[in-house]
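Notes for the structure review
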Amino acid sequence: MQILIIEDSQSMAQALSEILQQQGHQTTWLFGVQSLTPFVGSLQDGTTVPVDLSAFDLVFQDGDLVGSPFQGVDIVKALACQGVKFAANSTMPDLNNEMVSLGALVAARKPVMLVALKAGAITAQGITGNTSASNDTLAQLQATKIASERYPAAWKAVEARLKELMKIEFGL
């Protein structure tokens, strides 16, 4: 699958991208969105790029994009009705819920989405093809403690990789 990641955290984007690539997907990362029509994304360095959303099978959408004129809710609201398939992935449950109400197929807090993907509890194909099963799984895992208890190896792997990437991103 071709997957677009719209995420303002380099660490989160890279960790999610690595998990999806290990599962055989192609990923593209945008740091933010500058225009909805035509769709123009921004890279981390501020460069803007036109994006053909029809080239993507799924978009992992962060809710709060620092420095972006459009936030996750704006993006999902404008594009889900055009057939763009979204998975909402924010640290803020209210933003996830709002994105689902506007058309996102599934939602989960970070890092629960990453743990579920890493553990194989959900897949990108499952999100687009068996949305109710993916939603059920993510709903069961929303409590951070449950995700870490049910999938301890995946939890530890995601946690370790995020720590490593954050050290690089923030120069720690």
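Now for a look at the structure at hand.

The rules behind each value
- Residues numbered from 1 in each chain as written.
- Predicted model: local features only at pLDDT ≥ 70, side-chain atom pairs only at ≥ 80, totals over all residues.
- Heavy atoms only, no water.
- Axes fitted to C-alpha atoms, helices over the stretch in contact; angles between N-to-C directions.
- Helix = DSSP H or I, 4+ residues; strand = E, 2+ residues; numbered from the N terminus.
- Parallel < 35°, antiparallel > 145°, perpendicular 65-115°, else oblique.
- Left-handed = near helix turned anticlockwise from the far one by under 90°.
- Contact = heavy atoms within 4.5 Å.
- Nonpolar A, V, L, I, M, F, W, Y, C, P; charged D, E, K, R; others polar.
- Buried < 20%, exposed > 50% of the residue type's maximum accessible area, 1.4 Å probe, protein only.
- Arc of directions from axis to C-beta.
- Phe/Tyr/Trp six-rings, centres within 6.5 Å; stacked < 30°, edge-to-face > 60°.
- Expected span 1.5 Å × (residues − 1).

Things to note about the packing of helix α1 (residues 10–22) against helix α8 (residues 152–170)
Packed helices, taken two at a time, are described by their axes: the angle between them and the distance between them. Axis separation between α1 and α8 bottoms out at 9 Å; the angle between their running directions is 135°. When the interaxial angle is binned, α1 and α8 end up oblique. Crossing handedness for the pair α1 and α8: right-handed. On α8, the residues touching Gln 10, Ser 11, Met 12, Gln 14, Ala 15, Glu 18 and Ile 19 of α1 are Val 158, Arg 161, Leu 162, Leu 165, Met 166 and Glu 169. Of the residues assigned to the contact of α1 with α8, the class counts are seven nonpolar, three polar and three charged.

Comments concerning helix α3 (residues 93–101)
Regarding α3, the residues found buried are Leu 95, Asn 96 and Met 99. Viewed along the axis of α3, the buried residues span an arc of 100°, placing them on a single side of the element. Set apart from the buried face of α3 by more than 90 degrees, the exposed residues are Asp 94, Asn 97 and Ser 101. Lining the buried residues of α3 we find β6 (58–61), α2 (72–79), β7 (86–89) and β8 (106–108). Immediately downstream of α3, the backbone of Gly 103 shows phi near 130°, a positive value.

A look at the packing of aromatic side chains
The geometry of an aromatic ring pair is captured by the separation of the ring centres together with the interplanar angle, meaning the angle of the planes. Throughout the structure, instances matching the rule amount to one aromatic pair. Plain terms: the ring middles of Trp 29 and Phe 31 are 6.3 Å apart, the flat faces sit at 75° to each other, and that makes the pair edge-to-face. Since its relative accessible area comes to 22%, Phe 31 is described here as partly exposed.

Some points on the environment of Ala 108
Of note, Ala 108 is situated in strand β8. Exposure remark for Ala 108: the relative accessible area of 1% places this residue in the buried category. For Ala 108 and Gln 34, which are 74 residues apart along the polypeptide, the C-alpha to C-alpha distance reads 25 Å. Excluding residues within four positions of it along the chain, Ala 108 makes contact with Ala 88, Asn 89, Ser 90, Asn 96, Met 113, Leu 138 and Gln 142.

Regarding α1
Its 13 residues give α1 an end-to-end C-alpha distance of 18 Å, which sits within 8% of 18 Å, the value for a rise of 1.5 Å per residue. Every buried residue belonging to α1 is among Ser 11, Met 12, Ala 13, Ala 15, Leu 16, Ser 17, Ile 19 and Leu 20, and all of these are buried. With its phi angle positive at about 95°, Gly 24 sits one or two positions after the end of α1.

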